Amino acid sequence: SQKIEQNSEALNIQEGKTATLTCNYTNYSPAYLQWYRQDPGRGPVFLLLIRENEKEKRKERLKVTFDTTLKQSLFHITASQPADSATYLCYNNNDMRFGAGTRLTVKP
Amino acid sequence: EAGVAQSPRYKIIEKRQSVAFWCNPISGHATLYWYQQILGQGPKLLIQFQNNGVVDDSQLPKDRFSAERLKGVDSTLKIQPAKLEDSAVYLCASSLGFGANSPLHFGNGTRLTVT
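Note that the coordinates shown come from a computational prediction; the quantities given were computed from them, not determined experimentally.

## Topic: the overall build of chain B
At step 1: Across its full length, chain B carries zero helices and 11 strands.
At step 2: For chain B, the sequential pattern of α-helices and β-strands runs β-β-β-β-β-β-β-β-β-β-β.
At step 3: The C-alpha atoms of chain B give 13 Å as radius of gyration, which agrees with the globular expectation for 115 residues (13 Å, within 12%).
At step 4: In terms of overall dimensions, chain B has C-alpha extents of about 40 × 25 × 25 Å along its principal axes.
At step 5: Classification of the 115 residues of chain B by burial places 47% in the buried group.
At step 6: Look at the contacts in chain B between residues 6 or more apart in sequence, and 53% of them connect residues 24 or more apart.
At step 7: Averaged over its 12 positive side-chain charges, chain B has a centre that lies 4 Å from the centre of its 9 negative ones.

## Here's the deal with the state of the cysteines
Residue and element names in this part refer to chain A.
At step 1: Inspection of every chain in the model, using the stated rule, returns two disulfides over all chains.
At step 2: Each sulfur in the disulfide pair Cys 23 and Cys 90 lies 2.0 Å from the other. Measuring handedness by torsion sign, the sulfur bridge of Cys 23 and Cys 90 sits at about 70 degrees and is right-handed. Residue Cys 23 is found in strand S3 (residues 19-25), and its partner Cys 90 is found in strand S9 (residues 86-92); the two are separated by 67 residues along the sequence.
At step 3: Classification of Cys 23 as buried rests on a relative accessible area of 0%.

## Let's talk about the sheet that holds S3 of chain A
Strand pairing in a sheet relies on backbone hydrogen bonds. The paired strands run either parallel or antiparallel.
All names here are of chain A.
At step 1: Taken in spatial order, the five strands of this open sheet run S1-S3-S8-S7-S6, and their pairing is antiparallel. Edge positions in the sheet fall to strand S1 (4-6) and strand S6 (56-59), since each has one partner strand and no second. Across this sheet, the average inter-strand angle for adjacent strands is 15 degrees, counted without regard to direction.
At step 2: Across six bridges, strand S7 (residues 62-67) lies against strand S8 (residues 72-77) in antiparallel orientation. Bridge assignment links Lys 63 to a residue of S8, and that residue is His 76.

## Points about the interface of chain B and chain A
At step 1: Contacts between chain B and chain A engage 21 residues on the former and 18 residues on the latter.
At step 2: Together chain B and chain A conceal approximately 1,500 Å² of surface at their shared face, both sides included; 53% is due to carbon and sulfur atoms.
At step 3: The tally of links from chain B across to chain A stands at zero salt bridges.
At step 4: Where chain B meets chain A, there are six residue pairs in polar contact (both at pLDDT 80 or more).
At step 5: Put simply, the parts of the chain that give the side of chain B that touches chain A at least two residues each are strand S4 (31-37) and strand S5 (44-50) of chain B.

What counts, and where the lines are drawn
Residues numbered from 1 in each chain as written. Chains lettered and ligands numbered in written order. Predicted model: local features only at pLDDT ≥ 70, side-chain atom pairs only at ≥ 80, totals over all residues. Heavy atoms only, no water. Helix = DSSP H or I, 4+ residues; strand = E, 2+ residues; numbered from the N terminus. Rg over C-alpha atoms; globule rule 2.2 N^0.38 Å. Buried < 20%, exposed > 50% of the residue type's maximum accessible area, 1.4 Å probe, protein only. Contact = heavy atoms within 4.5 Å. Lys, Arg positive; Asp, Glu negative; His and termini not counted. Charge placed at Lys NZ, Arg CZ, Asp CG, Glu CD. Disulfide = S-S within 2.5 Å. Pairing = 2+ DSSP bridges. Axes fitted to C-alpha atoms, helices over the stretch in contact; angles between N-to-C directions. Buried area = accessible area lost by both parts, 1.4 Å probe. Salt bridge = Lys/Arg side-chain N within 4 Å of Asp/Glu carboxyl O. Polar contact = N/O pair within 3.5 Å; in protein donor to acceptor, adjacent residues only side chain to side chain.

This is the structure in structure tokens:
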């Protein structure tokens, strides 16, 4: 069955730097990948969706890429701020599976 | 628009007791999901409804978990009897339809502690 893996449990970066989070998948290529943000004690909030035939998607300081050869999606936050600190989850639309999430901490 | 409403916010029960969670999705959203999120893990799908019919319940432990969505709107998830390993946050989500163009909208969940 499909497996969604996020490469690290925690990522710590300095304010102003670019945060890069990775989502890897096994087996077949999902037609779509979604990225969500989750704050402590809250449900996940949808951020961006990227389709298999799209290389890149942007929304303000957020950018998502999709590489079907590497079976990987990268999620970037540019000019990061302490308010970006949260857990970020990738989600495979095909089988409704989430990755374990990466906890991002942006230090001032 | 009003978001997904869930209650209660917290629940503490002893093992072998029963518990029920309630979810009111966003108005007009045909698809409703229940997810279980254990601490440090991503949400795991338990059951998906399309209107009041079940689309996927393959990961629902049916010997102890049950869910219903009467009239295609509100939904309840029940656990009977609860086990220690059921301690988790139970998240309800809804979407307008099904597929990529229908992202999930989540409630803030019910945190269940089984002692």
